[in-house]
Amino acid sequence: MKVIAIANQKGGVGKTTVTMQLGAALSRRHRVLVVDVDRQQSTVWWAENLHERLPFDFAGSQNPKALTGLRELRVEYDFVLVDTPGALDDTPVLESVLDAADYVVVPLTPEPLAVEPTMRTISRLIEPRRLRHAVLLNRIDARIPSQLHTWQDLLDTTWGVPRFDAYLRQYKTQSDAPILGQLVTNLRDNRRTAGTIADVTRVGIEMAAQAIPTLAGRW
Ligand SMILES: Nc1ncnc2c1ncn2[C@@H]1O[C@H](COP(=O)(O)OP(=O)(O)OP(=O)(O)O)[C@@H](O)[C@H]1O
Ligand SMILES: [Mg+2]
């Protein structure tokens, strides 16, 4: 079982979006539990809007301390994804999650103001715990040709932090998903949704291979 924290002390970079969509993508091949320790409880609202069963087990409103008991659960999960708060006030909650995590996904939107809080999250909270981690670029605008490569290059050379090769583009399908109760597993595959489905699927494959190296190539 791998506990994956989705974390960034910068608000609004896509932690909840990544948790829910990645949970759905991974649930196609793996046993997945999604846990929410953010008092905003965005995943709970999203889950309530779903008209069908969630494709993963779900524990909204969890005390982060409960995570330490996860390894004694009778249900064996391949992945436990934890959505964490973005507010600095909630740093102790985030720290408890990181203490229990095996791997951290750090979503980042291509905005200059997001950089400093992201790098601070990595250098102050993630690196001191020697946790494996990777930045996931989110809300990439396909209409700006150089944006993806500029940001990948900044991560690789200027900031020197590990990143996913996969990334998520900005789509209305993504921003509408919480209110429509949609996940990649229940989206009808058409021209409007294909980009979102492809992006999230790629992230799921890379995440599984990163967290469990023996899974590489066995998706
Ligand atoms: N790839 C995307 N395309 C379009 N909209 C997106 C995308 N990713 C996230 N969003 C939208 O951006 C907003 C912020 O995303 P989200 O709530 O997932 O961020 P967060 O990091 O969980 O925020 P918080 O720190 O407040 O918990 C939401 O309205 C969400 O729908
Ligand atoms: Mg959130």
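About the criteria used
- Residues numbered from 1 in each chain as written.
- Chains lettered and ligands numbered in written order.
- Predicted model: local features only at pLDDT ≥ 70, side-chain atom pairs only at ≥ 80, totals over all residues.
- Heavy atoms only, no water.
- Salt bridge = Lys/Arg side-chain N within 4 Å of Asp/Glu carboxyl O.
- Helix = DSSP H or I, 4+ residues; strand = E, 2+ residues; numbered from the N terminus.
- Buried < 20%, exposed > 50% of the residue type's maximum accessible area, 1.4 Å probe, protein only.
- Contact = heavy atoms within 4.5 Å.
- Pairing = 2+ DSSP bridges.
- Axes fitted to C-alpha atoms, helices over the stretch in contact; angles between N-to-C directions.
- Right-handed = clockwise from strand over helix to strand, strands pointing away.
- Phe/Tyr/Trp six-rings, centres within 6.5 Å; stacked < 30°, edge-to-face > 60°.
- Near = heavy atom within 4 Å.
- Polar contact = N/O pair within 3.5 Å; in protein donor to acceptor, adjacent residues only side chain to side chain.
- Areas by Shrake-Rupley, 256 points an atom, 1.4 Å probe, with all protein chains shown as cover.

A. Structural view of the pattern of salt bridges. Across all of its chains, the model carries 11 salt bridges by this definition. We note a salt bridge from Asp99 to Arg129, for which the minimum N-O separation is 2.7 Å. Of this pair, Asp99 sits in helix H3 (residues 91-100) while Arg129 is found in the loop between helix H4 (112-126) and strand E6 (132-137), placing the two residues 30 residues apart along the sequence. Given a relative accessible area of 26%, Arg129 falls into the partly exposed group. For Asp199, the salt bridge identified is with Arg169, shortest N-O distance 2.8 Å.

B. Representation of unusual backbone geometry in the model. One non-glycine residue, Arg130, lies in the positive phi region at around 55 degrees. Mapped onto the elements, Arg130 comes out in the loop between H4 and E6. Even without glycine at this site, Arg139 takes up a positive phi of about 60 degrees.

C. Structural context of the environment of Leu81. Looking at the secondary structure, you find Leu81 in strand E4 (residues 79-83). Taking the C-alpha atoms as reference points, Leu81 and Asp36, separated by 45 residues in sequence, lie 8.5 Å from one another. Those residues in contact with Leu81 that lie beyond four places of it in its chain are Ile4, Thr19, Leu22, Gly23, Leu26, Val32, Leu33, Val34 and Val35.

D. Summary view of the sheet that holds strand E2 (residues 32-36). Spatial ordering of the open sheet is given by E3-E2-E4-E1-E5-E6, a layout of six strands whose pairing is parallel. In the strand order of this sheet, the two ends are held by strand E3 (57-59) and E6, each with one partner. Between one strand axis and the next, the sheet turns through 20 degrees on average, direction left out of account. Contacting strand E1 (2-6), E2, E4, strand E5 (103-108) and E6, helix H1 (residues 15-27) crosses the sheet at an angle of about 165 degrees to E4.

E. Representation of the pairing of E2 in the model. In terms of residue burial, E2 counts as a mostly covered element, since five of its five residues are buried. Along E2, one buried face is formed by Val32, Val34 and Asp36 and the opposite face, lined by Leu33 and Val35, is buried too. Judged from the five bridges that link them, E2 and E4 form a sheet pairing that is parallel. For Val35, the partnering residue across the bridge sits in E4 and is Val82. In the sheet, E2 pairs with E3 via three bridges, with the strands oriented parallel. What sits directly across from Val35, in E3, is Ala59. For the handedness criterion, the β-α-β arrangement of E2, helix H2 (residues 42-48) and E3 is classed as right-handed.

F. The packing of aromatic side chains, seen in detail. Following the criterion strictly, the structure yields one aromatic pair and no others. An angle of 50 degrees between the planes, with centres 5.9 Å apart, marks the rings of Trp151 and Trp159 as tilted. Trp151 gets classed as buried once you look at its relative accessible area, which sits at 9%.

G. Summary view of the site of ligand 1. Taken together, 17 residues sit near ligand 1, with Lys15, Thr16, Thr17, Asn138 and Arg139 positioned nearest. Between ligand 1 and Thr16 there is a distance of 2.8 Å, counted from an oxygen atom to a backbone nitrogen or oxygen. Between ligand 1 and Arg169 there is a distance of 3.0 Å, counted from a nitrogen atom to a backbone nitrogen or oxygen. When ligand 1 is considered free in solution it has 630 Å² of accessible area, and contact with the protein chains removes 81% of it.

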